Amino acid sequence: MMAFGSPSNNNARTSSTCHTLLRELQQIWTDIGESEADRDRMLLELERECMEVYRRKVEEAANAKSRLHQSVAAKEAELATLMAALGEHNINSPIQSGNKSASLKEQLGLIMPLVDDLKAKKDERVKQFADIKAQIEKITAEISGCCNIANSLSTLNLEEHDLSTRKLSECQSNLRALQTEKSVRIQRVLDSVNEVHTLCGVLGLDFGETVNNVHPSLHETNLGHYTNISDSTLEGLDQAILKLKTERKVRYQKLKDMAGLLFELWNLMDTTREERRKLSRITSVLDVSESKVVEPGALTLDVIQQVSAEVERLTKLKASRMKELVMKRRAELEDLCYKTHIQPDSSTAADKSTAMIDSGLVDPCELLANIEAQINKAKDEALSRKEIMDKIERWLSACDEENWLEDYNLDHTRYSGGRGAHINLKRAERARITVTKIPGMVDSLINRTLAWEDENQKLFLYDGVRLVSILEDYKVSRHQKEEEKKRARDQKKLQDMLLAEKESKYGSRPSPRRSSSFRKMNGYHTNGNGSVTPSPRRNSVGCATPELQTPRSYAGRQNTYFKEMRRLSTAPLNFVAIAKEDTMSFSSIGGSEPESPPQS
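Quantities reported herein were computed from a predicted structural model and do not represent experimental measurements.

What counts and what doesn't
Residues numbered from 1 in each chain as written. Predicted model: local features only at pLDDT ≥ 70, side-chain atom pairs only at ≥ 80, totals over all residues. Heavy atoms only, no water. Helix = DSSP H or I, 4+ residues; strand = E, 2+ residues; numbered from the N terminus. Buried < 20%, exposed > 50% of the residue type's maximum accessible area, 1.4 Å probe, protein only. Contact = heavy atoms within 4.5 Å. Areas by Shrake-Rupley, 256 points an atom, 1.4 Å probe, with all protein chains shown as cover. Expected span 1.5 Å × (residues − 1). Arc of directions from axis to C-beta. Core = buried A, V, L, I, M, F, W, Y, C linked by side-chain atoms within 4.5 Å. Salt bridge = Lys/Arg side-chain N within 4 Å of Asp/Glu carboxyl O. Patch = residues over 30% accessible without salt bridge, like charges linked within 9 Å, V, L, I, M, F, W, Y side chains within 5 Å. Phe/Tyr/Trp six-rings, centres within 6.5 Å; stacked < 30°, edge-to-face > 60°. Lys NZ or Arg CZ within 6 Å of the ring centre and 35° of its normal. Axes fitted to C-alpha atoms, helices over the stretch in contact; angles between N-to-C directions. Parallel < 35°, antiparallel > 145°, perpendicular 65-115°, else oblique. Left-handed = near helix turned anticlockwise from the far one by under 90°. Nonpolar A, V, L, I, M, F, W, Y, C, P; charged D, E, K, R; others polar.

Some words on the overall build of the protein chain
Scanning the protein chain for helices and strands turns up 21 helices and four strands. Taken across its 600 residues, the protein chain has 34% of its residues classed as buried. Pairs at least 24 residues apart make up 71% of the contacts formed inside the protein chain by residues separated by at least 6 positions. Here the protein chain displays about 36,200 Å² of accessible surface, and carbon together with sulfur accounts for 53% of that area.

Topic: unusual backbone geometry
Not every positive phi belongs to a glycine, and His341 is a case in point at roughly 60°. Mapped onto the elements, His341 comes out in the loop between helix 12 (322-340) and helix 13 (350-359). The backbone of Gln457 sits at a positive phi, close to 55°, despite the residue not being glycine. Topologically, Gln457 is positioned in the loop between helix 16 (438-456) and strand 1 (461-462). Its relative accessible area of 68% is what places Gln457 among the exposed residues.

Describing the environment of Val285
Structurally, Val285 can be placed in the loop between helix 10 (280-283) and helix 11 (301-320). Given a relative accessible area of 6%, Val285 falls into the buried group. Along the primary structure Val285 and Leu299 are separated by 14 residues, whereas in three dimensions their C-alpha atoms are 8.6 Å apart. Beyond its immediate chain neighbours, meaning those up to four positions away, Val285 contacts Tyr252, Val293, Glu295, Ala298 and Leu299.

Overview of helix 12
In this model, helix 12 (19 residues) spans 27 Å end to end at C-alpha, consistent with the 27 Å of a helix rising 1.5 Å per residue. Every buried residue of helix 12 is accounted for by Met322, Leu325, Val326, Arg329, Arg330, Leu333, Leu336, Cys337 and Thr340. The arc that holds every buried residue of helix 12, seen down its axis, measures 135°, which confines them to one face. Of the residues flanking the end of helix 12, it is His341, one or two places downstream, whose phi is positive at about 60°.

Brief notes about the nonpolar core
Nonpolar side chains tend to gather and get buried jointly when the protein is soluble and globular. Core analysis: the biggest nonpolar cluster contains 53 residues, and Val189, Val196, Leu262, Val293, Leu299 and Val307 have the highest contact counts within it. Looking at this core, the elements with two or more residues in it are helix 3 (36-86), helix 4 (104-144), helix 6 (165-203), helix 7 (207-212), helix 8 (231-269) and helix 11. Leave out the neighbours within four places in its chain, and Val307 touches Leu255, Met258, Ala259, Leu262 and Ile282. If you look at the next biggest cluster of nonpolar residues, it comprises 24 residues, including Ile392, Trp395, Ala428 and Ile470.

Some thoughts on the pattern of salt bridges
For the structure shown, the criterion picks out 31 salt bridges. For the salt bridge of Arg329 with Glu332, the shortest nitrogen-to-oxygen distance reads 2.2 Å. Separated by three residues within a single helix, Arg329 and Glu332 lie in helix 12, roughly one turn from each other. Residue classification places Arg329 among the buried residues on the basis of a relative accessible area of 15%. On the accessibility criterion, Glu332 (33% relative accessible area) is partly exposed. Salt-bridge contacts for Lys386 lead to Asp390; the nearest nitrogen and oxygen are separated by 3.2 Å. Taken together, the positions of Lys386 and Asp390, both in helix 14 (residues 364-409) and four residues apart, correspond to about one turn of that helix. Via salt bridges that share partners, Asp38, Arg41 and Glu45 belong to a single interconnected network.

Comments concerning a nonpolar patch on the surface
Residues Leu494, Met497 and Leu498 make up a contiguous nonpolar surface patch of about 280 Å² in total accessible area. Summarising the element assignment, Leu494 is placed in helix 17 (residues 467-506). Residue classification places Leu494 among the partly exposed positions, given a relative accessible area of 41%.

Some remarks on the packing of aromatic side chains
Summed over the entire model, instances satisfying the criterion amount to four aromatic pairs. Relative to Tyr408, the ring of Trp404 lies with its centre 5.1 Å away and its plane at 10°, an arrangement referred to as stacked. Pair noted here: Trp404 and Tyr408 are both in helix 14, with a separation of four residues, about one helical turn. A relative accessible area of 0% means that Trp404 is categorised as buried. Given the relative accessible area of 2%, Tyr408 is considered buried. Measuring from ring centre to ring centre gives 5.0 Å for Trp452 and Phe460, while their planes differ by 85°; the resulting arrangement is edge-to-face. Lying across the ring of Phe460, Arg385 places its NZ or CZ 4.0 Å from the centre. The cationic tip of Arg427 hangs over the ring face of Trp404; the distance from NZ or CZ to the ring centre is 4.1 Å.

Digging into the environment of Phe129
Mapped onto the elements of the fold, Phe129 is located in helix 4. As for Phe129 and Cys171, which are separated by 42 residues in sequence, their C-alpha atoms are 7.7 Å apart.

Thoughts on the packing of helix 14 against helix 17
It is at 14 Å that the axes of helix 14 and helix 17 come closest, and there the two elements cross at 20°. In terms of their interaxial angle, helix 14 and helix 17 are classed as roughly parallel. Crossing of helix 14 against helix 17: the hand is left-handed. Packed against helix 14, whose contacting residues are Ile388, Ile392, Trp395, Cys399, Glu402 and Glu406, the element helix 17 presents Leu467, Leu471, Tyr474, Arg478, Lys481 and Lys485 at the interface. Residue composition of the contact of helix 14 with helix 17, grouped by class: seven nonpolar, no polar and five charged.

Some details on the side chain of Glu381
Looking at where Glu381 falls in the secondary structure, it is placed in helix 14. When neighbours within four sequence positions are excluded, Glu381 is seen to be in contact with Ile342, Trp452 and Lys458.

Taken by themselves, the reported measurements are silent on function.
What follows is the structure, given as structure tokens:
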């Protein structure tokens, strides 16, 4: 009973109250006269009732503790789930971080705010994912060409178990990639539509109909309209552009062919500039390449038909003037051959062509085409001969300088102090340098000509004569001339010896006679200021550098080179007769040497 009256877990106040009540109860029992047995029985019942109350309270407290444990565990599990879903691995649980000694209610109070914060963060994260995935689905539907975008969005599935920032970054990266692709596709569509518009303008086609065949949205002009950017649209635009470019290429080539015929006919028919100007805007399209033709209406069917009609008109007109055209082109061929020293083909000579056209033996168009082919062949050959022809011109120029120098050396007044004498002296110095290069020029020209003949497997003809033969004859004649000069110098020395003997026998040396007509024979002419300028001797018999003779020489253009070659090679000069000339002639010859000073 004492143990029951003073339990160890009651505080002092509760214990005192229990003892007071127990004494009061015992007093009442005494007053009533209860026996000791009844008292013990009632005390046992009282103790049993107290035990039942304690037990019930303990059970209730245990249940409450269990529920608190479950709540704390549930919140910890929810916290862990939220942390895993949000990827917040850096957040530590307040219970696990040194707060295990706290009561359950304290633990629950610590974890609840953190759970609420993470729930709010999760809701915000879910909204972000929903927005991003909605945009992804929308752009994906636009790229794939899906028309029902709303249905696509209704099937949006969010993976709430992974709402981490890493996953969010991945979704944002995917969205940015899709946005970039969308921008690229939109730009491709705009560029393709602009190119289609340009091509339709060039070809004169309906732009609206062309793009509507690809997709109707491409022709919309209102702001904010939906533009289809699917693969099928891009492929359709590419095919449309390819088709338009192919058509542009075909029309450009057709216009180019027609314009080529038109230009040829204009040149053949001597079409006036005013008539050509009518189609100059159309033909100016050909000044640029096919890929750069962007002028509206430049390659319409009407333009091509207009050029075709003009070609047809000129073709009919050409048929009536074909004979005149043949003669004109033959004259051009002969002029080209004349300038390049090539023998023209005699099969299309003017008289033969006229006879064939008049007799009807040949089609004038075929004859004209033959002459055109000969002109092209002559141009090609002239191009291959250009290097050699340039060497020939330099050689002939050097020969002219040699002729001038020879005439200059025969002038007895070349050292006089007249006006312009110093100019002739400088020219003579340059001419002497040039003359020394002539043998090298000739040898180089022969070697280059032989190389050309080996390369082209034919002879190099100059006005119908092989150039190598001309050069070889020139070398022979030049050698003969040098021998002639040498014999003349030897003869002069002999004459000087004879004169010296006469002078020693008969007295002073007679002065040489000067012929008034000698200067005229040398080919000099006065220039009006007192000086004398030599002019080249083209036809002198003793010329040291005779020029080439061409078939047109007999018309007065060239000198009589081949006649001189034959005469020099078959009839050398009679030096015995030369020795019998008077003293003045040999004195003049001696004075013609560059080193001889003027005789006083």
